[in-house]
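Coordinate analysis (summary)
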Amino acid sequence: MALTRARKGTRYALGIDFGTQSAKAMVLDVRGTGVVHTDSFDYDTAFPKYGTEGGVLQSNNPLIRHTSTLMLLEALDLVFGRLQRNGVDLGSIGAVKIDAMQHCTVYADSSFGERVGSLNAGQSLLTQLQTSITRRTSPIWEDRSPVKEAEYLAKEMESSGSLLRLTGNRAELRFPASQIMMWASESPDEYARTAHISLLSAFLTSVMAGKVAPVDTGDGWGTNLNNLNIRQPGWSDAVIRAADEYTGSRNAGLSLRGRLGEMVHYDTVLGTIAPYFVRRYGISPRAVVLAGTGDNPATLLGCGGQAVVSLGSSYTVNGQMRKIVPSASGEYNVFGYMPGKAMALTVFTNGAKVHEFFLDKYFPKGRQGTDADSRWEAYVSAAGEAVLQEDERLMLPYLRDESVPLRAAGIIRDGFDDQDARVNIRSLHVSQVLSLKVHSGHLSRTDALCVVGGAGRNRFLRQLIADVFDSSTYNIRHAAFAAALGCAISGARAILNTSYEEAASRFVQIDKASFANPIEANRHPVQKLLRRYEALEKSTGTR
């Protein structure tokens, strides 16, 4: 019924992305002009009182990476306040969906549900909800502290066939299972007061929906706590029992299962938006709220829904899975996606940061002038022509500890040194893309790959991806808002009652000038280079 009401007299879909460093919003006119408004702000600038750097709270322990839960509450208010001040017709919004950084968790007491259901439009979210928060910081995807807990979980699940078989993923330090277990053991009193443990996407959706919201499979499968039934989403009883044994909560009255709430399909409609947002910001009372999700599924949909190569500080290869097959080596993670479907994600630690290191090494500031664009153009030009040779110089470009494959920091050059700028720059480009292909066996065959991220503007890198993956590559407009766009597309589907494919083809605007197609002359050299790169990895013990 809520969905029917949303279709009448509304034309806008709102997607909101709560990333690590910033929040972004996109408004789609679903009946006409497409993107009508985008907005973003970074947390450090908007909320200096929290003292974050890149959205992360400072810590003396490099393994601990948390953000401020209270800051994110303020960010939700600020998103709507800025939309209102910028003249967006919030009364025309028919559907809202948010995504948030994957794996981030929020902890609240038993009053949270009642509080979100009776919010006073005359007061801020922070003022009304802060006392219900039992843990003032939220561990994020960069956290690597719960080593003991991850090891325990992996060992305990061996008798049940393995954590990988049960949940689709190996024991991950950044996943909520280990994070929750560590905090419950270190802070048992605060854990005892905690009635709700939510993924950040579900927590913020709860505020918008005015009730405790379930998590979707897109975020819920990134917990190490889920079952692997995409058609009947839920939690793994075996893993929950093991976590309760570890924390002692099996005998303390409230199981972890009771704290987690429910899990639902991607894009489940939860009802209409809370009266708080109607009265405070003028959003339509008919606007429906969809289940929130993780940033990776949202980005995939925002780029067309099939496959994405993201070239940021780290690189990721993200795509739909035709069949749910967990990675025995842990090279990729499996998450839920559209109803009945799953996606896989491989994360390569050494991405654009290595190019920045080479840029400063071979084209230092001052020598090429202070203009950043000029230095970058000179750097890309140094990589040479697009035609590949079988004897290209190769390297293992691990400036930092690498996650795929697991490898300690250290750049390994195969038969050359670091003196020749052109040789090294070309080798870095070629080797990185070969690594992306070698470790992306989960990716379903596709005719086109969407390339996003800052390094996506590197024309030589885009061409290499086209050649090595034997697929056309392209950029999209509003690429920096891909996750928010994915959420807005979900909202558009709710309003228009259309398919994912139709919605994506309508609202994902491909930059036709960015297309790169495989070069026929490179097909044979690429196969030889892939074999050589795999041999190089094997010879140095990385596979």
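Refer to the structure above for everything that follows.
As the structure is a computational prediction, the values presented were derived from the model and not from experiment. All residue numbers refer to positions counted from 1 along the written sequence of the respective chain. At least 70 in pLDDT is required for a residue's local features to be given in this predicted model, at least 80 for side-chain atom pairs to be given and counted, and no such filter applies to totals for whole chains, interfaces and linings, which use all residues. Side-chain descriptors were evaluated using all non-hydrogen atoms of the structure, hydrogens and water having been removed beforehand.

**Some thoughts on the side chain of Thr194**
- Secondary structure counts use DSSP, requiring at least four H or I residues in a row for a helix and at least two E residues in a row for a strand, with both numbered from the N terminus. Relative to the elements of secondary structure, Thr194 occurs in the loop between α9 (188-192) and β8 (196-199).
- For Thr194, a relative accessible area of 1% translates into the label buried.
- Polar contact is the term for a pair of N or O atoms within 3.5 Å; when the atoms are in protein, one must be able to donate a hydrogen and the other to accept it, and sequence-neighboring residues count only if both atoms are side-chain atoms. Within the structure, Thr194 has its side chain in polar contact with the backbone oxygen of Glu190 (distance 2.8 Å).
- Throughout, a contact is declared for two residues whenever any of their heavy atoms are within 4.5 Å. Residue contacts for Thr194: discarding those within four places in its chain leaves Tyr107, Ala108, Thr134, Trp183, Leu254 and Arg259. A simple rule labels every residue: compare its accessible area, found with a 1.4 Å probe on the protein chains alone, to the largest value its type can have, and call it buried under 20%, exposed over 50%, or partly exposed in between.

**Quick word on the packing of aromatic side chains**
- Note on aromatic pairs: the rings of Phe, Tyr and Trp (six-membered ring only in Trp) are paired at centre separations within 6.5 Å, and the planes decide the class, stacked below 30 degrees, edge-to-face beyond 60, tilted for the rest. Here the structure, examined in full by the defined rule, presents 19 aromatic pairs.
- Each ring, one from Tyr276 and one from Phe277, has its centre 5.1 Å from the other, and the planes form 80°; the classification is edge-to-face. Of the two residues, Tyr276 and Phe277, neither departs from the other in class, the shared state being buried.
- Ring centres 6.1 Å apart and planes at 50° place the aromatic pair Phe357 and Phe358 in the tilted group.

**What to know about the nonpolar core**
- Here, nonpolar core refers to any group of buried Ala, Val, Leu, Ile, Met, Phe, Trp, Tyr and Cys residues whose side-chain atoms link them within 4.5 Å. Residues Phe18, Val207 and Phe277 are the most contacted members of the largest nonpolar core, which totals 55 residues.
- The leading source of residues in this core is helix α3 (residues 69-85), at ten residues.
- Each residue touching Phe277, except ones within four places of it in the same chain, is listed here: Leu76, Phe80, Leu125, Val207, Met208, Gly282 and Ile283.
- The next biggest cluster of nonpolar side chains, apart from the first, holds 46 residues, and it includes Phe348, Tyr398, Leu434 and Tyr533.

**Quick look at the packing of helix α17 (residues 372-382) against helix α18 (residues 421-438)**
- Axis definition: a line fitted to C-alpha atoms, over the contacting stretch in the case of helices. Angles run 0 to 180 degrees between N-to-C directions. Where α17 contacts α18, the two axes come as close as 8 Å, and the packing angle between them is 80°. When the interaxial angle is binned, α17 and α18 end up roughly perpendicular. Counted together, Tyr379, Ser381 and Ala382 of α17 and Arg422, Ile425, Leu428 and His429 of α18 form the full contact between these two elements. If an angle is under 35 degrees, it is roughly parallel; if it is over 145, roughly antiparallel; if it lies from 65 to 115, roughly perpendicular; otherwise it is oblique.

In short, geometric facts, not functional conclusions.
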